[in-house]
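Fold and contact review
So the chains spell out like this:
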Amino acid sequence: MTEHEAPFERTFKEMFRRHAAGVAIITVNYQDRPFGFTATSVASLSAKPPRFTFNMARSSRSWPAVANTTYIGVHMLGLENQALADRFASGTDRFEGDHWEVGPHGVPVLKDVAGWLIGEVQMRLSFENNAVVVVQVVDGQVGGEGSPLLYHGGAYGQPVPLDYEI
């Protein structure tokens, strides 16, 4: 343990590596430029009205776009979208190609994903170097059937049905 590491930091990191999370991509249009990044912190907040949240580091290159825009897109990914997840996790050519189009409210919408939602930012809550963003849904579309892309233990995965008898 390093001198600056909190006593339970290693435990915290290991516990969340063991927590499977769905993989999504957040997109925004800021100053007529598309921005986007891969996220595993997307969660449903409420159904009435439909709202979701996500967390991000304020040190992220995408934070100025998220901090200064009104509309945001979230794209849920399926197994077939692993390359797209990788591209938005670390690539610099995230929007080069025909894998996206301008959607409602000018937000970039990714093609061939499990589904997408466009929402209006309701709140940004900053805490130290992080932020929680609350978004109210104004548009969206469900994609084709398929298995969701999960992130677990530092790698992508898929859910596996359990064998059981009723």
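In the block above lies the structure referred to throughout.
Keep in mind that what you see is a predicted model, and the values were worked out from it rather than measured.

1. Notes on unusual backbone geometry
- In the segment running from Lys-48 into Pro-49, the intervening peptide bond is cis, with an omega of -5°.
- Looking at the secondary structure, you find Pro-49 in the loop between strand S4 (43-47) and strand S5 (50-57).
- Positive phi is not limited to glycine here, since Asp-32 has a value of about 60°.
- Position of Asp-32 among the secondary structure elements: in the loop between strand S2 (24-30) and strand S3 (33-39).
- Take Asp-32: its relative accessible area is 74%, and that puts it in the exposed class.

2. What about helix H3 (residues 82-90)?
- Turning to H3, its buried residues number three or more, namely Leu-84, Ala-85 and Phe-88. All buried residues of H3 project into a common sector of 100° when viewed along the axis, lining one side. Seen from the open side of H3, the exposed residues pointing more than 90 degrees away from its buried face are Ala-83 and Ser-90.
- At its buried positions, H3 is contacted by S2, S3, strand S8 (108-110) and strand S12 (155-157).

3. Observations regarding a nonpolar patch on the surface
- Together, Phe-12, Met-15 and Phe-16 line one region of the surface with nonpolar side chains, adding up to about 360 Å² of accessible area.
- By the secondary structure assignment, Phe-12 is in helix H1 (residues 9-17).

4. Comments concerning the pattern of salt bridges
- Enumeration according to the criterion identifies 4 salt bridges in this entry.
- Across the pair Arg-17 and Glu-14 runs a salt bridge, and its minimum N-O distance is 3.7 Å. Of this pair, Arg-17 and Glu-14 both sit in helix H1, 3 residues apart, which is roughly one turn of the helix.
- Given a relative accessible area of 42%, Arg-17 falls into the partly exposed group.
- The partner of Arg-87 in a salt bridge is Asp-93, with the nearest N and O atoms 3.8 Å apart.
- Where salt bridges share partners, they join Glu-14, Arg-17 and Arg-18 into one cluster.

Definitions and limits used
- Residues numbered from 1 in each chain as written.
- Predicted model: local features only at pLDDT ≥ 70, side-chain atom pairs only at ≥ 80, totals over all residues.
- Heavy atoms only, no water.
- Helix = DSSP H or I, 4+ residues; strand = E, 2+ residues; numbered from the N terminus.
- Buried < 20%, exposed > 50% of the residue type's maximum accessible area, 1.4 Å probe, protein only.
- Arc of directions from axis to C-beta.
- Contact = heavy atoms within 4.5 Å.
- Patch = residues over 30% accessible without salt bridge, like charges linked within 9 Å, V, L, I, M, F, W, Y side chains within 5 Å.
- Areas by Shrake-Rupley, 256 points an atom, 1.4 Å probe, with all protein chains shown as cover.
- Salt bridge = Lys/Arg side-chain N within 4 Å of Asp/Glu carboxyl O.

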